[in-house]
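Overview (structure and organization)
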Amino acid sequence: MRDLNISTKASLAVLSDKWYALILLNLTSSTSDFMQLRNAVRGISTFNLLLKLNELTALNLVTSTNDYHYQLTSEGQDFQQTLLALTSWGKQQLTRTLPVNHR
């Protein structure tokens, strides 16, 4: 059996982080104020949001200004499209009727 390569593992690590996904889905190519983003991403602490934004910036998915405005980079926009495609796939799966095994 073939193992996942390092690039696939890196992508899955970003996908599997709930906060990364929520942040990336709530940002656009236009700048968003930190408090707007804070209100949109419910359940995350202010500190954790800042931490996750710094990590996403280091991954070149998000860029920020000195006055705490954030936006997606072109790579972030590409990654967001991947998230949206996964969301669409998931919705399709939820509408299918799965066979039930009777034993």
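See the structure printed just above.
The notes below deal with the structure included here. (Residues numbered from 1 in each chain as written. Predicted model: local features only at pLDDT ≥ 70, side-chain atom pairs only at ≥ 80, totals over all residues. Heavy atoms only, no water.)

A tally of regular secondary structure across the chain gives 5 helices and 3 strands. Order of helices (α) and strands (β) in the chain, N terminus to C terminus: α-α-β-α-α-β-β-α. The C-alpha atoms of the chain give a radius of gyration of 17 Å, which is well past the 13 Å a tight globule of 103 residues would have. Projected onto its principal axes, the C-alpha positions of the chain cover 60 × 35 × 25 Å. Considering the chain as a whole, with its 103 residues, one finds that 25% of them fall into the buried category. (Helix = DSSP H or I, 4+ residues; strand = E, 2+ residues; numbered from the N terminus. Rg over C-alpha atoms; globule rule 2.2 N^0.38 Å. Buried < 20%, exposed > 50% of the residue type's maximum accessible area, 1.4 Å probe, protein only.)

Let us look at the side chain of Asp17. Mapped onto the fold, Asp17 is located in the loop between helix H1 (6–16) and helix H2 (18–26). A polar atom in the side chain of Asp17 sits 2.9 Å from the backbone nitrogen of Trp19. (Polar contact = N/O pair within 3.5 Å; in protein donor to acceptor, adjacent residues only side chain to side chain.)

Moving on to helix H5 (residues 74–95). With 22 residues, H5 ought to run about 32 Å at 1.5 Å a step, and its terminal C-alpha atoms sit 32 Å apart, in line with that. Among the residues of H5, those classed as buried are Gly76, Phe79, Gln80 and Leu83. The buried side chains of H5 occupy one side of the element, clustering within an arc of 105° when seen end-on. The exposed set on the far side of H5, more than 90 degrees from its buried face, consists of Ser74, Asp78, Trp89 and Thr95. Buried residues belonging to H5 abut H1, H2 and strand E3 (69–72). (Expected span 1.5 Å × (residues − 1). Arc of directions from axis to C-beta. Contact = heavy atoms within 4.5 Å.)

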